[in-house]
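The primary structure of each chain is shown beneath.
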Amino acid sequence: MKRLLIILPNNLGDVIMAMPLLEGQKRNYPDTHVTFFVEQGYEAGLQNCPDCDRIFRFDRKSVRDAAQSPDWRQSIALLKNTIQELASERFDRVINLSQHPYASIAAALVSDGEVLGSQFLREGNHALCDRWSQYLYAIPFARRCNSLHASDVYRLIGGVGTGPAAGRLVVTADEKRKAGELLATAGIDCSGESPVVLQPGAAYPAKCWPIEHFISLGKALAAQGRRLIITGAPAEREIAAALGAQIGGAALVVAGTVTFRETIALLPFAGACVSGDTAIMHAAAALGRPVFALFGTTNPVETGPFGRGFHVLSGRCKKRPCFCLDCKSRLCMKSIMPDDVVALVQGERLSTASCDVYTTAIGEDGMCFLEPIIEQGPDYFDRTASAVTRKFAQPDYQPDFEIANDSAALVKQDSVAVCNVLDRMARALSEFFPAGPSGAVARFENERRALQSLSGIAEFWAAIANIRLNSVPLLDPAAGVRESMRVCLETKEEILSALSILP
Amino acid sequence: MTTEKRSDDFLREIGRIHQRMGTIMLADEDLIMLLAEEISLTTTREEKQYSSGKDP
């Protein structure tokens, strides 16, 4: 039996987004024993999942607190125990989906075979050797250059194929019974029109839909006879209570009074879930409930509800997705109007809307994507750059849409600019031989700085080049220089090859 | 601004490993120290003090 370790320490939603990888793994390789490394408190989605043989709960906070204390050696003892326990499993393969450096070091320490994703090399650098992991790491540097959902990228990293199958988030019969009792006690009868879950909070304020919009939505739905369940974490109790008070008797506030698992158990009773980019949204999608996801600064292409037929509403903003954590205007969220959400929840078809509205769909290639539901609605963003980056990661890819000449020209221009820089970097390194350093590395680093000032798709290519160059071990300087030259020239050739799909 | 909570001898040990990085192959013991260092720099969600729905 093969043994696989998946490392993704947090967060709740990210772990749920990794569940399609687990499902694919078990479907393709049923004999593989799968262990999931997750931090304590973030494992809720994995509980009772038939695709996960072992949940390894890591107590990061205890290690962190010990490392910050005068008794820091206690943290070393804790880590040695953790590593010893994991290493004894002799994993044939480790898939590290986390971007945190600590996960990279842990991956190196516990692997007994192949590592996909970031791993720390004993030479002293972090390395990313597989192409889809390099792609995943480059996404944050150029968000508009990726058209793939995180769950699909995770599956591509794991090599388990894509397709409509979602992760198997399981609510047990006992959990469901208790949730049913909670609703019955609150007088919510689920035999008629199902209640609507409202999730007003999110990880940070810019992800939240304005509370006054939630109040309008809740009041409108209550006026139409719908009951509301207001969910949230303990930190969101205050805002949930305020929302509940404004809506009145139709609302049941469970935020902070039930656990995340108990909240998940309420979802099968829900006729709809209205939420920002949150773990509850991911859980509702994984359970196949109707989801109405409200997106502002974050990217629904990447982390929207995964699967088929979910709704995504996104404010029109040229900067989207900006990932601004403390945006003061929050125009993107404010421009999603409650009337549109009410209409969609009540099953109406929209011919116009205050914002862009999409449904999630699964393409012929098995990948999840956003489809505008309003006739002639715009794509979330221009897809030309993302088609080229996908061609880079998946050489047999051919786009299923027509690429406009002006978009193609811009992508080509930005890409060729990077290729020219990579060429100059390789030439600078070639001067290292045969005489030795004599400024060659300094000239290389000088040329490399030019990668920082580029924009558009060039930011994606620069990220790929830097990820690859940072992965080169440098213990043997001559071998490192030779490998860096190869990386520059190979990356350039791969970029040029990816441009072949452009008109 | 964060206040340094870690002890001087912990930071000294870490500093020694950082000096060796790129010059020799690191051992498991070194990697575990670096792992502790990385974890010592992390925060919990509660410590980030996000206040949902309100500006920070």
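What you are looking at is a predicted structure, and each value in this text was computed from that prediction instead of being measured.

Calculation notes
- Residues numbered from 1 in each chain as written.
- Chains lettered and ligands numbered in written order.
- Predicted model: local features only at pLDDT ≥ 70, side-chain atom pairs only at ≥ 80, totals over all residues.
- Heavy atoms only, no water.
- Helix = DSSP H or I, 4+ residues; strand = E, 2+ residues; numbered from the N terminus.
- Rg over C-alpha atoms; globule rule 2.2 N^0.38 Å.
- Areas by Shrake-Rupley, 256 points an atom, 1.4 Å probe, with all protein chains shown as cover.
- Lys, Arg positive; Asp, Glu negative; His and termini not counted.
- Charge placed at Lys NZ, Arg CZ, Asp CG, Glu CD.
- Core = buried A, V, L, I, M, F, W, Y, C linked by side-chain atoms within 4.5 Å.
- Buried < 20%, exposed > 50% of the residue type's maximum accessible area, 1.4 Å probe, protein only.
- Contact = heavy atoms within 4.5 Å.
- Buried area = accessible area lost by both parts, 1.4 Å probe.
- Salt bridge = Lys/Arg side-chain N within 4 Å of Asp/Glu carboxyl O.
- Polar contact = N/O pair within 3.5 Å; in protein donor to acceptor, adjacent residues only side chain to side chain.
- Nonpolar A, V, L, I, M, F, W, Y, C, P; charged D, E, K, R; others polar.
- Pairing = 2+ DSSP bridges.
- Axes fitted to C-alpha atoms, helices over the stretch in contact; angles between N-to-C directions.
- Disulfide = S-S within 2.5 Å.

Novice: Looking at this structure, I do not really get the overall build of chain A. What am I missing?
Specialist: Helix and strand counts for chain A come out as 20 helices and 15 strands. At 24 Å, chain A has a C-alpha radius of gyration in line with the 23 Å of a compact globule built from 503 residues. With the C-alpha coordinates aligned to their principal axes, the bounding extent of chain A is approximately 85 × 60 × 45 Å. Split by element, the accessible area of chain A, about 19900 Å² in all, is 51% carbon and sulfur. Averaging the locations of the 51 positively and 55 negatively charged side chains of chain A gives two centres separated by 2 Å.

Novice: Is there a simple way to explain the nonpolar core in this structure?
Specialist: Across soluble globular proteins, you tend to see nonpolar side chains buried next to one another. Ile6, Phe36, Leu97, Tyr154, Val388 and Trp461 of chain A are the most contacted members of the largest nonpolar core, which has 116 residues in total. Beyond its immediate chain neighbours, meaning those up to four positions away, Phe36 of chain A contacts Ile6, Leu8, Val15, Ala18, Leu22, Leu46, Cys52, Arg54, Ile55 and Phe56 of chain A.

Novice: So what exactly am I meant to see when it comes to the environment of Gly377 of chain A here?
Specialist: All names here are of chain A. Within the secondary structure layout, Gly377 lies in the loop between β15 (368–372) and α16 (384–393). Residue Gly377 is classed as partly exposed on the basis of its relative accessible area, which comes to 25%. Through-space distance from the C-alpha of Gly377 to that of Ser104 is 41 Å; in sequence the pair is 273 residues apart.

Novice: I would appreciate a short explanation of the interface of chain B and chain A in the present structure.
Specialist: Buried accessible area, meaning the area lost when the parts come together, often serves as the stated size of an interface. With 36 residues of chain B at the contact, the number on the chain A side is 44 residues. In total, chain B and chain A occlude about 3600 Å² of area from one another, counting both sides; carbon and sulfur atoms represent 63% of this. The interface formed by chain B and chain A holds three salt bridges in total. In this structure, the salt-bridge partner of Glu29 of chain B is Lys80 of chain A, at a minimum N-O distance of 3.2 Å. For the pair chain B and chain A, the interface holds 10 residue pairs in polar contact (both at pLDDT 80 or more). Elements supplying a minimum of two residues to the side of chain B that touches chain A: α1 (8–20), α2 (28–40) and α3 (45–48) of chain B. Ranked by residue count, the leading element in the side of chain B that touches chain A is α2 of chain B, at 11 residues. Broken down by class, the residue content of the side of chain B that touches chain A amounts to 15 nonpolar, 10 polar and 11 charged.

Novice: I tried to follow the pattern of salt bridges on my own but got confused; where do I start?
Specialist: Where charged atoms from two side chains of opposite charge come close, those side chains can pair. Residue and element names in this part refer to chain A. As enumerated under the stated definition, the model contains 38 salt bridges over all chains in all. Residues Asp356 and Arg316 are paired through a salt bridge, measuring 2.8 Å at the closest nitrogen-oxygen approach. Placement of Asp356 in strand β14 (residues 356–362) and of Arg316 in the loop between β13 (311–314) and α14 (331–334) is noted, with a sequence separation of 40 residues between them. Judged by its relative accessible area of 4%, Asp356 is buried. Each of Arg3, Arg54, Glu85 and Glu89 takes part in a single network of salt bridges with overlapping partners.

Novice: Is there a simple way to think about the pairing of strand β11 (residues 272–275) of chain A in this case?
Specialist: Consecutive side chains of a regular strand alternate in pointing toward one face of the sheet and then the other. All names here are of chain A. Alternating positions in β11 separate into two faces, Ala272 and Val274 on one and Cys273 and Ser275 on the other, with burial throughout. In the sheet, strand β8 (residues 196–199) pairs with β11 via four bridges, with the strands oriented parallel. Counted as the bridge partner of Val197 is Cys273 from β11. Relative to strand β12 (residues 291–295), β11 runs parallel, the two sharing three bridges. Looking at β12, one finds that Cys273 is bridged to Val291.

Novice: Please explain the sheet that holds β12 of chain A as it appears in this structure.
Specialist: The pairing of strands in a sheet happens through backbone hydrogen bonds and is either parallel or antiparallel. Residue and element names in this part refer to chain A. Pairing is mixed across the open sheet formed by eight strands, whose spatial order is β10-β9-β8-β11-β12-β13-β14-β15. The open sheet terminates on both sides in strands that have one partner only, identified here as β10 (251–253) and β15. Adjacent strand axes in the sheet meet at a mean angle of 25° when their direction is disregarded. Direction of pairing for strand β9 (residues 228–230) relative to β10: parallel, over a ladder of three bridges. In the strand pairing of β10, Ile230 is matched with Val253. Packing against the sheet, helix α12 (residues 279–286) makes contact with β8, β11 and β12, and its axis sits at approximately 150° to β12.

Novice: It is not clear to me how the sheet that holds strand β3 (residues 54–58) of chain A should be interpreted in this structure. Could you clarify?
Specialist: Residues and elements named next belong to chain A. The parallel open sheet is built from five strands, whose spatial order is β3-β2-β1-β4-β5. Each end of this open sheet is capped by a strand with a single partner; those strands are β3 and β5 (111–117). Adjacent strand axes in the sheet meet at a mean angle of 20°, parallel and antiparallel pairs treated alike. Where strand β4 (residues 91–96) meets β5, five bridges bridge the pair, whose relative direction is parallel. Each residue of the ladder has a partner; that of Ile95, found in β5, is Leu116.

Novice: I tried to follow the state of the cysteines on my own but got confused; where do I start?
Specialist: Throughout this description, disulfide means a covalent bond between two cysteine sulfur atoms. Residue and element names in this part refer to chain A. Scanning all chains against the criterion turns up zero disulfides over all chains. Free of any disulfide, Cys332 has its nearest cysteine sulfur in Cys317, 5.9 Å distant. Judged by its relative accessible area of 8%, Cys332 is buried.

What is shown is where atoms sit, not what they do.
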